[in-house]
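Summary of structural features
Here is what each chain is made of, one letter per residue.
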Amino acid sequence: MKPLKTLVFLVLLANFSSPCWAQSYVVGGYDYPPFIYAKATQGIYVELMKELALVSQQTFKWEHYPYARLDALFTKASVHVEVGSSPLWTSSKRVPGFYTVPFYTLKDVVVFRRSEETSMKSFSDLIGKRVGLVRGYSFPQFQKAFDDGIATRIDAANELGLMKLLINKRVDQIFVSQDLFLYHQKANKEFIDLISGDVVGSYEVAIRVHPNYKSLVGTLDKGIKTLKEKGVIKKIIDKHLH
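One structure accompanies this document, and this report is about it. (Residues numbered from 1 in each chain as written. Predicted model: local features only at pLDDT ≥ 70, side-chain atom pairs only at ≥ 80, totals over all residues. Heavy atoms only, no water.)

Broken down by element type, the chain carries 9 helices and 9 strands. Expressed along its principal axes, the backbone C-alpha trace of the chain runs to roughly 90 × 35 × 30 Å. Within the chain, the fraction of its 242 residues that count as buried is 43%. Within the chain, residue pairs in contact and separated by at least 24 positions form 70% of the contacts whose partners lie at least 6 positions apart. Accessible surface for the chain amounts to roughly 13400 Å². Of this, 55% is attributable to carbon and sulfur atoms. On the chain, the mean spot of the 32 positive side-chain charges and the mean spot of the 23 negative ones are 8 Å from each other. (Helix = DSSP H or I, 4+ residues; strand = E, 2+ residues; numbered from the N terminus. Buried < 20%, exposed > 50% of the residue type's maximum accessible area, 1.4 Å probe, protein only. Contact = heavy atoms within 4.5 Å. Areas by Shrake-Rupley, 256 points an atom, 1.4 Å probe, with all protein chains shown as cover. Lys, Arg positive; Asp, Glu negative; His and termini not counted. Charge placed at Lys NZ, Arg CZ, Asp CG, Glu CD.)

And the structure:
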């Protein structure tokens, strides 16, 4: 009887102990409304991860940082997951990470003051212009204009800062996320006379996972596929953007 009692004890111990040892993945958040709001307590990406936690039976813990700090912590594996990234943005980083299947397409557009819009197809269209970009962002198709000094790049901390530079005539145009431009324009009447022009970038975004946790990618892929098929992802996005 002794071996049987020992076996029962071990089974019970395993059942009670397993939740304590379950893996919890750290998701890096930053201010990026409507995708992530302050302190990463709400937003499109936050709701997406809640739904993924349910369908994949995984545990995710959000931690909020400035983006540059988040990226450094990802490199050190202190942050395990970044939501809404693209392989195009991280291919040259020391730790590019592994990516899930895409769940959304982000577009960047050029934005002008009303009646000042012009075509924006190549770097030559920037001649003599002051162009606002978010600090750290790059647009390879236009980089030659900045490298050759035929256009001036002026950085802002975020998209909202860029739009303020534009209305205050500190720049001639800005490159900005179309979704964020429309979000801030809707929320702030001061931006009513800004108008968007050509698309200057299009990126399929997915979930970036640190190589130490590569095994999570397959699980998230299945979860994203399930949420797409059920229309959950579209519902979350429409709730915040439309």
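What follows deals with the nonpolar core. A general feature of soluble globular proteins is that nonpolar side chains tend to end up buried together. Ranked by internal contacts, the top residues of the largest apolar core, which has 35 residues, are Phe35, Tyr45, Trp62, Val83, Phe103 and Ile207. Those elements that place two or more of their residues in this core are strand 1 (24–29), helix 2 (44–56), strand 2 (59–64), strand 3 (81–85), strand 5 (104–113), strand 9 (194–209), helix 8 (216–229) and helix 9 (232–241). (Core = buried A, V, L, I, M, F, W, Y, C linked by side-chain atoms within 4.5 Å.)

Time to look at the environment of Pro211. Here Pro211 is to be found in the loop between strand 9 and helix 8. Linking Pro211 and Thr75, residues 136 residues apart in sequence, is a C-alpha distance of 9.6 Å. The contact partners of Pro211, leaving out residues within four places of it in the chain, are Val95, Gly97 and Phe98.

The tally for this structure, following the rule as stated, stands at 12 salt bridges. In this structure, the salt-bridge partner of Arg113 is Glu116, at a minimum N-O distance of 3.1 Å. Salt bridges sharing partners connect three or more residues here, namely Asp71, Glu82, Lys93 and Arg208. (Salt bridge = Lys/Arg side-chain N within 4 Å of Asp/Glu carboxyl O.)

Take the side chain of Ser177 next. Structurally, the position occupied by Ser177 is in strand 8 (residues 173–177). Look at Ser177 and you get buried, because its relative accessible area is 4%.

Of all 5 residues in strand 3, 5 are buried; the element is thus mostly enclosed. In this structure, strand 1 lies alongside strand 3, joined through 2 bridges in parallel fashion. Across the sheet, residue Gly28 finds its bridge partner in strand 3, namely Glu82. Pairing of strand 3 with strand 9 involves 4 bridges; the strand directions are antiparallel. Across the sheet, Val81 pairs through a bridge with Val209, a residue of strand 9. (Pairing = 2+ DSSP bridges.)

Take the packing of aromatic side chains next. For any pair of aromatic rings, the description consists of the separation of the ring centres together with the inter-plane angle of the planes. If you walk through the whole model with that rule in mind, you get 12 aromatic pairs. Between Tyr30 and Tyr67 the ring centres are 5.1 Å apart and the planes differ by 75°, which places this aromatic pair in the edge-to-face class. In this pair, Tyr30 is assigned in the loop between strand 1 and helix 2 and Tyr67 in helix 3 (residues 67–75), connecting sequence segments 37 residues apart. Between Tyr45 and Phe103 the ring centres are 5.9 Å apart and the planes differ by 90°, which places this aromatic pair in the edge-to-face class. Taken together, the residues span a long stretch of sequence, with Tyr45 in helix 2 and Phe103 in the loop between strand 4 (98–99) and strand 5 at a distance of 58 residues. For Phe103, a relative accessible area of 7% translates into the label buried. An aromatic cluster is present here, built from Tyr30, Tyr32, Phe35, Tyr45, Tyr67, Phe103 and Tyr104 joined pairwise through their rings. Across the ring face of Phe123, the terminal group of Lys144 is positioned such that the distance to the ring centre comes to 5.8 Å. Sitting over the ring of Phe74, Arg208 keeps its end group 3.8 Å from the ring centre. (Phe/Tyr/Trp six-rings, centres within 6.5 Å; stacked < 30°, edge-to-face > 60°. Lys NZ or Arg CZ within 6 Å of the ring centre and 35° of its normal.)

This part covers helix 6 (residues 159–167). Within helix 6, burial applies to Glu159, Leu162, Met163, Leu165 and Leu166. Down the axis of helix 6, the sector holding all buried residues measures 155°, keeping them to one side. Buried-residue contacts for helix 6 involve strand 5, strand 6 (130–134), strand 7 (152–156), strand 8, helix 7 (178–187) and strand 9. With a side-chain oxygen lying 3.3 Å from the backbone nitrogen of Leu160, the N-terminal cap of helix 6 falls on Asn158. Following helix 6 by one or two positions, Lys169 has its phi on the positive side, about 60°. (Arc of directions from axis to C-beta. Polar contact = N/O pair within 3.5 Å; in protein donor to acceptor, adjacent residues only side chain to side chain.)

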